[in-house]
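In case you want the letters, here they are:
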Amino acid sequence: MPELPEVETTRRGLAPHLEGKRIRGVVLRRPDLRWPIPKEIQSMLPGQRIDAVRRRAKYLLLDTEAGSALLHLGMTGSLRVLPASTPVNAHDHVDFALSSGRVMRFNDPRRFGCLLWQPAGETHELLQALGPEPLSEEFHGDHLYERSRGRSAPVKTFLMDQRIVVGVGNIYAAESLFRAGISPLRAAGKVSHERYAALADAVKAILAHAITRGGTTLRDFISPDGAPGYFEQELSAYGRGGLPCPNCGRPLKYRDIGQRASVWCGHCQR
Ligand SMILES: [Zn+2]
């Protein structure tokens, strides 16, 4: 599943091919993805110039004067910029024809992705209750500490709550808690200020590193035959239940927390 680093890598890969270009037309090969595609996508976008390609949480926004196309890659979605003559394959659901002569093509086999419309000057309801971006200055240990007081939920569940901070999915929650030495089971309200500072630093470092690594896959976004650029992770905890802890060598524990598979070291994480 594309996580925040893949979505940010997608944004960086697409931006040079989209920004400043006009949308000549939009081809919809089906009326819906996860949700119906609103009529404004075809009625408002043609003729508009893409002023910016932005990311908020795991959503991409193509900003124009009339409003923004709001895209989510869901579980299996990918976006690529291709020559207009590229044959259409299965699951190629949407084309944005660009003034450069290329098309931006949205492929999504499982169709958990979405394409929605945000009128100019408005914030789509999906974006309204979101917490700060993890790589922004608004996200820090003080924020986690203040928002967690009185909460008995496990700290891992708290960290994955999009109202607290966006874009920390299961992989990055597990890896960040491992790096910060915090047990994922500890009640969020019982984690100290100092340890939340370490956790915020770990989240930022791990996400930033993953985005840097993703940069090597940028060419995939303009290659007709390239696979989507979801990248291999260097993982310490996630997916390694029962294997030796990279720090102490003891077997890593695993169990579901908040219905999500969770792995941690009972010795190194307290
Ligand atoms: Zn350990």
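Thresholds applied
Residues numbered from 1 in each chain as written. Predicted model: local features only at pLDDT ≥ 70, side-chain atom pairs only at ≥ 80, totals over all residues. Heavy atoms only, no water. Helix = DSSP H or I, 4+ residues; strand = E, 2+ residues; numbered from the N terminus. Buried < 20%, exposed > 50% of the residue type's maximum accessible area, 1.4 Å probe, protein only. Contact = heavy atoms within 4.5 Å. Pairing = 2+ DSSP bridges. Axes fitted to C-alpha atoms, helices over the stretch in contact; angles between N-to-C directions. Phe/Tyr/Trp six-rings, centres within 6.5 Å; stacked < 30°, edge-to-face > 60°. Donors = N, O, S within 2.8 Å, 3.2 Å for Na, K, Ca; no water. Tetrahedral: all angles 85-135°; square planar, octahedral: opposite > 155°, others 65-115°.

*Asks:* Help me understand the side chain of serine 176, please; the structure alone is not making it clear to me.
*Replies:* As for its placement among the helices and strands, serine 176 is situated in helix α6 (residues 170-180). We classify serine 176 as buried; its relative accessible area is 1%. Residues in contact with serine 176, not counting those within four places in the same chain, are Leu199, Ala202, Val203 and Ile206.

*Asks:* What's the story with the sheet that holds strand β2 (residues 52-56) in this structure? I'm lost.
*Replies:* Backbone hydrogen bonds are what pair the strands of a sheet, in a parallel or an antiparallel way. Reading across the sheet, the 4 strands line up as β2-β3-β4-β8 and stay open at both edges, with antiparallel pairing between neighbours. A strand with exactly one partner marks an edge of an open sheet, and here the two such strands are β2 and β8 (114-119). Across this sheet, the average inter-strand angle for adjacent strands is 25 degrees, counted without regard to direction. Relative to strand β3 (residues 59-63), β2 is paired through 5 bridges, and the arrangement is antiparallel. From the neighbouring strand, alanine 52 faces β3, where its bridge partner is aspartate 63. In the packing of helix α1 (residues 4-18) onto the sheet, contacts are made with β2 and β3, and the angle to β2 comes to roughly 170 degrees.

*Asks:* Looking at this structure, I do not really get the packing of aromatic side chains. What am I missing?
*Replies:* Two numbers describe a pair of aromatic rings. These are the distance of the centres and the angle of the planes. One pass over the full model with this rule turns up 1 aromatic pair. Between phenylalanine 158 and tyrosine 196, the aromatic rings sit 6.1 Å apart at their centres with planes inclined by 55 degrees, giving tilted as the arrangement. Here tyrosine 196 lies in helix α7 (residues 193-214) and phenylalanine 158 lies in helix α5 (residues 155-159), a separation of 38 residues in the sequence. An identical accessibility class is assigned to phenylalanine 158 and tyrosine 196; each is buried.

*Asks:* What's the story with the coordination of the zinc ion in this structure? I'm lost.
*Replies:* Six octahedral donors around a metal ideally subtend angles of 90 or 180 degrees, whereas four tetrahedral donors ideally subtend 109.5 degrees. Around the zinc ion, the donor atoms from the protein are Cys245 (SG), Cys248 (SG), Cys265 (SG) and Cys268 (SG), and they sit 2.3 to 2.4 Å away. What the 4 donor atoms of the zinc ion show is an angle range of 103 to 112 degrees at the metal, which sorts the shape as tetrahedral. Here the donor residues for the zinc ion map to a single chain with the spacing C-x2-C-x16-C-x2-C. Taken together, the residues cysteine 245 in the loop between α7 and β9 (253-257) and cysteine 265 in the segment after β10 (260-264) connect sequence positions 20 residues apart. Judged by relative accessible area, cysteine 245 falls into the buried class, the value being 3%. Taking the relative accessible area as the measure of exposure, cysteine 265 reaches 0% and is therefore buried.

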